[in-house]
Amino acid sequence: MKINRKDFLKQSAASSLLLTSPISFFEKTIPKVDSSKRMRFSFKPYTLELKYVFTVSTLSRTTTPVMLTEIEYDGIVGYGEASMPPYLGESHESATKFLSKVDLSKYENPFELETILSDIDSIEKGNPAAKASVDIALHDLIGKLLNQPWYNIYGVNVKNTPFTVFTIGIDKPEVVRKKMLESTDFKIIKIKLGKDNDKEMIDTVCSMTDKPITADPNQGWTDRNYAIDMINYLKEKGALYVEQPLSKDRFDDLAWLKENSPIPILADEGVQRLSDIPKAKNIYSGINIKLMKSTGMREAYKMILLAKSLGMKVMLGCMTETSCAISAASQLSPLVDWADLDGATLIKNDLFEGAKIINGKVTPSNLPGIGIKKLQKS
Ligand code: MG
């Protein structure tokens, strides 16, 4: 029998379909959503013990309350965390109250990040860290269901992760010198400023290293002329940028500083969420995004894209956190200019193993999800 070209093509297409049926192919690769299965959400309070008393311009502390969350679905568990330094207003009590209202059992499809997290956001205003603890656990779960780390889902190369800073809190020179001895794994030193010993802090750090520095007065400077003098001094000493020099409400003075500063001025306290970015554009050169401010990875990702599209610099920061939230942030870090993700190195009682400092960079593991393993002791 003679087959014309058209029939031949039809037949071969049919036989190749039989060999690799698209249906069986997809059955293998796309996890099925079984509507009889539901997510189970749980949370418990935990307290991080800090290695050192941590002093910034506004206060000192030795512990940080956190909330640990889990979302279980089909035998797989996603982990999340809320870190709640007291000055930000969240606590074990407020997070318990908020998270008690989270009902994930009503969703059939755990992949509906946008739907689920928009619903969580609308439960109540505020509570950004509590919201982040759900967001991070859901991202971890989804990554594990897809068997991919989020850096692959975001489509970024972990080699592009910037160096992370090592933070030195405000202290006496002898304590600063002692802390500096722990900074050997890091390539950039961040100095907390904003009390009455700014130059002493800078000089002490610079007497021990030639590494680039950054500074964070946490809104502690009150006079813009003093601020610009200090910024020029920092620039001479090799500073890359300065975070939140003045109170976040001093719009005119911040705009003036941005115009006159030889190095970028980043908003930290001045920018919390996505909607804060457009108005920050005129008064800052960049923003410091933290998962605990942004309500988690989903909005942080949107913030990175928006800030970059507006020509702003982007830094990814953290609170004192376990390797859970730090590893979540590390998945996004290849997208940003600067990173400050040393939070897990500052605590004594981490519960997870995940992102590690490799050659000065907080580098995600190759595990799926946010890339963590729960340690046995927990
Ligand atoms: Mg800061």
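Treat the numbers as computed from the prediction; the structure is a model and nothing was measured.

A.B. asks: Mind showing me how you'd approach the coordination of the magnesium ion here?
C.D. replies: Six octahedral donors around a metal ideally sit at 90 or 180 degrees from one another, while four tetrahedral donors ideally sit at 109.5 degrees. Distances from the magnesium ion to its protein donors, Asp216 (OD), Glu243 (OE) and Asp268 (OD), fall within 2.2 Å. The motif formed by the donor residues of the magnesium ion, counted along the single chain, is D-x26-E-x24-D. You can see aspartate 216 sitting in strand 6 (residues 213–216) and its partner aspartate 268 sitting in the loop between strand 8 (265–267) and helix 11 (277–280), a full 52 residues away along the chain. Residue class for aspartate 268 comes out buried when judged on its relative accessible area of 3%.

A.B. asks: How do you make sense of the sheet that holds strand 4 (residues 165–168) when you look at a structure like this?
C.D. replies: Reading across from one edge, 4-5-6-7-8-9-10-11 is the order of the 8 strands in this open sheet, with parallel pairing throughout. Edge positions in the sheet fall to strand 4 and strand 11 (338–339), since each of these pairs with one other strand and no more. Pairing of strand 10 (residues 313–317) with strand 11 involves 2 bridges; the strand directions are parallel. Paired with leucine 316 across the two strands is alanine 339, which belongs to strand 11.

A.B. asks: Hey, could you run me through the packing of helix 3 (residues 92–99) against helix 5 (residues 128–146) in this one?
C.D. replies: Two packed helices can be described by the angle between their axes and the distance between those axes. Running from N to C, helix 3 and helix 5 point in directions that differ by 55 degrees, and their axes come no closer than 9 Å. In terms of orientation, helix 3 lies oblique with respect to helix 5. The chirality of how helix 3 crosses helix 5 is right-handed. Contact residues: helix 3 offers Ala95, Phe98 and Leu99, while helix 5 offers Ala130, Lys131, Ser133 and Val134.

A.B. asks: How should the packing of helix 7 (residues 173–180) against helix 8 (residues 198–208) be read in this particular structure?
C.D. replies: Contact geometry for helix 7 and helix 8: axes closest at 10 Å, N-to-C directions at 40 degrees. With respect to the hand of their crossing, helix 7 and helix 8 are arranged in right-handed fashion. The residues of helix 8 that touch helix 7, namely those facing Pro173, Val176, Arg177 and Met180, are Glu200, Met201, Thr204, Val205 and Met208. Each residue belonging to the contact of helix 7 with helix 8 can be placed in one class, and the counts come to 6 nonpolar, 1 polar and 2 charged.

A.B. asks: It is not clear to me how the layout of surface pockets should be interpreted in this structure. Could you clarify?
C.D. replies: Using a probe with the size of a water molecule, rolled over the atoms, empty space left in the structure can be pinpointed. For the largest pocket, the calculated volume is near 370 Å³. Lining the largest pocket are 25 residues, with Tyr87, Lys192, Asn218, Lys290 and Met319 positioned closest to its centre. The residue makeup of the lining of the largest pocket, split by class, is 8 nonpolar, 6 polar and 11 charged. Both domains that furnish three or more residues to the lining of the largest pocket are identified here as domain 1 (40–150) and domain 2 (152–374).

A.B. asks: It is not clear to me how the state of the cysteines should be interpreted in this structure. Could you clarify?
C.D. replies: The bond known as a disulfide is covalent and runs between the sulfur atoms of two cysteines. Considering all chains together, one arrives at 0 disulfides under this definition. As a non-bridged cysteine, cysteine 318 has cysteine 324 as the owner of its nearest cysteine sulfur, 13 Å distant.

A.B. asks: What exactly am I supposed to notice about unusual backbone geometry here?
C.D. replies: Excluding glycine, a negative phi dihedral is what most residues carry, and trans is how most peptide bonds are arranged. Phi at glutamine 244 takes a positive value of approximately 25 degrees, unusual for a residue other than glycine. Locating glutamine 244 in the fold gives a position in the loop between strand 7 (239–243) and helix 10 (251–260). Of note, threonine 295 is a non-glycine position whose phi angle comes to about 75 degrees, a positive value. Assignment of secondary structure puts threonine 295 in the loop between helix 12 (291–294) and helix 13 (297–309).

Parameters and conventions
Residues numbered from 1 in each chain as written. Predicted model: local features only at pLDDT ≥ 70, side-chain atom pairs only at ≥ 80, totals over all residues. Heavy atoms only, no water. Donors = N, O, S within 2.8 Å, 3.2 Å for Na, K, Ca; no water. Helix = DSSP H or I, 4+ residues; strand = E, 2+ residues; numbered from the N terminus. Buried < 20%, exposed > 50% of the residue type's maximum accessible area, 1.4 Å probe, protein only. Pairing = 2+ DSSP bridges. Axes fitted to C-alpha atoms, helices over the stretch in contact; angles between N-to-C directions. Parallel < 35°, antiparallel > 145°, perpendicular 65-115°, else oblique. Left-handed = near helix turned anticlockwise from the far one by under 90°. Contact = heavy atoms within 4.5 Å. Nonpolar A, V, L, I, M, F, W, Y, C, P; charged D, E, K, R; others polar. 1 Å grid on protein atoms, 1.4 Å probe; cavity = no way out; pocket = protein on both sides within 12 Å on 5 of 7 lines; lining within 4 Å. Points joined across faces, edges and corners; volume = space filled by probe spheres on them. Domains from an automatic or database assignment. Disulfide = S-S within 2.5 Å.

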